[in-house]
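# Examining the three-dimensional arrangement
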There are 2 protein chains.
Amino acid sequence: MLEVKTPKEALGIIGETYKAHRTQIEKVPINNSLGRVLSSDLVAIEHVPGFDRSTVDGYAVLAKDTFGCSESMPAVLTLAGEVLMGAASNNEIKPDTCVAVSTGGDLPEGADAVVMVEHTEDYGGGLIGIMRPAAPGNNIIFKGDDVSSGDIVLKAGTMLTAHDLGILSALGSCEVGVMKKPVIGVISTGDELVELSQKPGRGQIRDVNTTLLVAAAEQFGGVAINYGIIRDEERPLTDAVKYAVSECDVVLISGGSSAGLRDLTAHVVESVGELLFHGIAVKPGKPTIFGLVEGKPVFGLPGHPVAAYMVAELFVRPLVSGLMGAAVKRRIIPAIISEAVSSNHGREEYLAVIIGDDGAAKPVRGKSGLIAGLKYTDGHICIPRDSEGIPAGALVDIVLW
Amino acid sequence: MLEVKTPKEALGIIGETYKAHRTQIEKVPINNSLGRVLSSDLVAIEHVPGFDRSTVDGYAVLAKDTFGCSESMPAVLTLAGEVLMGAASNNEIKPDTCVAVSTGGDLPEGADAVVMVEHTEDYGGGLIGIMRPAAPGNNIIFKGDDVSSGDIVLKAGTMLTAHDLGILSALGSCEVGVMKKPVIGVISTGDELVELSQKPGRGQIRDVNTTLLVAAAEQFGGVAINYGIIRDEERPLTDAVKYAVSECDVVLISGGSSAGLRDLTAHVVESVGELLFHGIAVKPGKPTIFGLVEGKPVFGLPGHPVAAYMVAELFVRPLVSGLMGAAVKRRIIPAIISEAVSSNHGREEYLAVIIGDDGAAKPVRGKSGLIAGLKYTDGHICIPRDSEGIPAGALVDIVLW
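Residues numbered from 1 in each chain as written. Chains lettered and ligands numbered in written order. Predicted model: local features only at pLDDT ≥ 70, side-chain atom pairs only at ≥ 80, totals over all residues. Heavy atoms only, no water.

### Topic: the relation of the copies chain B and chain A
Rules: Only residues with pLDDT of at least 70 in both copies count here: their C-alpha atoms drive the least-squares fit that superposes the copies. Every residue pair with non-hydrogen atoms within 4.5 Å of one another is taken to be in contact.
The operation relating chain B to chain A is a screw motion whose rotation component is 180°, with 0.1 Å of axial translation and a residual RMSD of 0.1 Å. Put plainly, the chains are arranged around a two-fold axis. For chain B, the smallest separation between a C-alpha atom and the rotation axis is recorded for isoleucine 333 of chain B, amounting to 3.7 Å. The fraction of interface residues of chain B whose copies in chain A are also interface residues reaches 100%, indicating that both copies meet through the same surface.

Below is the structure:
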């Protein structure tokens, strides 16, 4: 019996299954951590910077020695030395002296400002003319200004970007604690499917979903195991599911989930595990199945690749992220829709769109064409469940892929 | 001598260097091709689908047999068989007969429409009632409807997405010809730099740029070789650059490119190669250097990580893509800016922004803080060269990362 859920209910049920489960934590070298999910908060255990630094090339001074100076009336200071890059300054600024310092150099003892070299003149003989007055604090970043010891700098659950790796580096994390990638088993069912290497005969098509879902699993932050094409029969499908759950954190079965002639997936999940729902009030993807086998989440996805991918994006991605303690961050942008779309009462509808050069959202539709449906799109819009449709020119929210 | 270029001029000069150069082509298994760049147009050599297919579960019919039928006056047809999934139909539709067919099944000879099972009733005894008339072509995708043999389905230079892998699968590409990933050498210079594993003393900071640029190289589609920290001296830097160009397609040197005290990078590039420009009228990143050593592009990037990354994004990414024959696709969205930003006459300025919950662009500014500057942002806006600044509430274009 179909127990059709709303998308929100479905996400709630899916969310319960990962609430108590997380993948393990592992340590990886920082250079292998791009795109991985941080396992715990990164707390600074030192100040950054660890010393007062100049932010420009110039001269460290006592600000009050520069007050009132100008191009026509420079303050003339005695050059008392130079701060070497990478070394602690061993100079102390006394009144009417200055010390040369480069960008990033250690601020000499007593200095309270740095004057940019562009606003100075070297008169030779150890005399430097200062053309512009400096206020205390000018061109200095003070110890701990950027981060203080004890600050939480990155939150657990962050999917690490290049910038985050920069932050980890600055704080000396050579190794990073990250969540293990969820292992995602991919099974395709359907007696009409043939391997990629075969030329399909009449009534046959190549197995697109395996490749598509293996790639999706990788994009979602997981690692895929491909179990290939399984015949649409109870025994081989049951065996494949049981074997896959023994090796994987999540199993995706595509095909065989139509309420039509060959409704095997729900039956198999029910007979060896627990069926949590069968059907989501969403287009595409109504016949989506979700359950637990040996405590592991198992999805039954539509057989049509475009629908399978959409359902994976909407319902599998949050699960994969959730298993790593991360939330899916979807970028939503407003746009004008370029043409009217009709309603589909009773089901939320997700429609792929392309963003035109004019910034407008152009819906991508057509027959159930496989390749046409897989062509490049920028994101999708959602037509609400009880909508009368969306007129051309209306403002819509595009959820970018 | 500084030869400052506009960003456009700089991109033009960079573009010349990859115009005649491409990385090699290699074949990879389709499951390893996600994110890789397609080396040549994908031309379909067969029709998709290869046979007329039903797009629903139902009954294949002669449309004219259903004309005028309704719920109260069904057309009653004789069930003449069933199309098995994965098999060629061996039935032929004769007047007043129908054949059961599943979604994706081969259309029987003579049929010109399929009626969805939901609009039929099985009376038993081999009789099927049709409740809704079908027009010829209903619920059928015809041979070649999706793609015809000879169609260009994917263009050379496409960076392959999961959807593209689906298309390749449908056409039977088990192996995919892709461009080799450009090899990107990363060198950090600066006597103030210490390795990540070291605790910086006064005057020292950890080498953030190596990690950041290695991750950036990977994000841009390349593969990085890390040459570590090189002292700010002519001989070691020259040796490192010569060694790196012998192994890499592109070399990135960060640090040492200020026009201040330690202006080594330009000198080294000039002495062992050809300096093409020194300086871009852009903030951040003015002291950016670009040249050729042994014919290989070499960049000198700013030492400050936030600036180094911005310059890499704006100028190195197009080069890395160009070496693979791909164009950088930047997603630009309009937004209202939440606060005024001041102008910076004479230099284009790139300012990182965060998109607020209200959709407004909030500029991210501050001192030259390292970590503050590396915190999450959504993209950047460009303040034009001769702008008077941008007032709060103005419409800006955000270039998303």
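### Quick notes on the confidence of the model for chain A
Residue and element names in this part refer to chain A. Selection rule: As a per-residue quantity, pLDDT reports the predictor's confidence and falls between 0 and 100.
The pLDDT averaged across chain A works out to 91; a share of 96% of its residues lies at or above 70. Within the model, pLDDT remains below 50 along residues 257-261, and this stretch shows 16 contacts once partners closer than five positions in the same chain are excluded. Across the whole predicted complex the pTM is 0.90, and at the interface the ipTM reaches 0.90.

### Regarding the side chain of threonine 288 of chain A
Residue and element names in this part refer to chain A. Heads up, the rule is: Strands are runs of DSSP state E lasting at least two residues, helices are runs of H or I lasting at least four, and both sets are numbered from the N terminus onward. Accessibility here uses a 1.4 Å probe with only protein chains present; expressed as a share of the type maximum, an area under 20% marks a residue as buried, one over 50% as exposed, and anything in between as partly exposed. Polar contacts, as counted here, are pairs of nitrogen or oxygen atoms within 3.5 Å of one another; within protein the pair requires one atom able to donate a hydrogen and one able to accept it, and residues that are adjacent in sequence qualify only if both atoms are side-chain atoms.
Looking at where threonine 288 falls in the secondary structure, it is placed in the loop between strand E19 (282-283) and strand E20 (289-293). Note on threonine 288: relative accessible area 0%, which makes it buried. At a separation of 2.5 Å, a polar atom in the side chain of threonine 288 contacts the main-chain carbonyl oxygen of glycine 285. Ignoring anything within four residues of it in the chain, the contact list for threonine 288 reads Phe277, His278, Gly279, Ile280, Phe299, Gly300, Pro302 and Val311.

### Some thoughts on the pairing of strand E23 (residues 348-355) of chain B
Regular strands place side chains that alternate from one sheet face to the opposite one. All names here are of chain B. Rule in force here: The rule for pairing is simple: two strands pair if DSSP sees at least two bridges between them.
Of all the eight residues making up E23, six are buried; the element is thus mostly covered by neighbouring parts of the structure. In terms of strand pairing, strand E19 (residues 282-283) meets E23 through two bridges, oriented parallel. Pairing of valine 282 across the sheet is with glutamate 348, part of E23. Where E23 meets strand E25 (residues 379-383), five bridges bridge the pair, whose relative direction is antiparallel.

### Observations concerning the interface of chain B and chain A
Formally: Accessible area that two parts lose when put together, with a 1.4 Å probe and added across both, is what the buried area reports. Between Lys or Arg on one side and Asp or Glu on the other, a salt bridge is scored when a side-chain nitrogen of the former is within 4 Å of a carboxyl oxygen of the latter.
Each partner contributes to the interface: chain B provides 80 residues, whereas chain A provides 81 residues. Summed over both partners, the interface of chain B with chain A buries about 7,000 Å², with 58% contributed by carbon and sulfur atoms. By the criterion of area lost to chain A, the three top residues of chain B are His163, Arg202 and Ile371 of chain B, representing 11% of everything that side buries. Counting across the chain B and chain A interface gives ten salt bridges.

### As for the sheet that holds strand E6 (residues 97-101) of chain A
Residue and element names in this part refer to chain A. Test applied: An axis is simply a line fitted to the C-alpha atoms; with a helix, the fit covers only the stretch in contact. Between two such axes, the angle follows the N-to-C directions and lies from 0 to 180 degrees.
Read across the sheet, six strands follow the order E7-E4-E6-E5-E9-E8 without closing on themselves; strand pairing throughout is mixed. Edge strands, defined here as strands with exactly one partner in the open sheet, are strand E7 (113-116) and strand E8 (120-124). Recorded for the sheet is a direction-independent mean angle of 40° between the axes of neighbouring strands. Inspection of the sheet shows strand E5 (residues 75-82) paired to E6 by three bridges, in the parallel sense. From the neighbouring strand, leucine 79 faces E6, where its bridge partner is cysteine 98.

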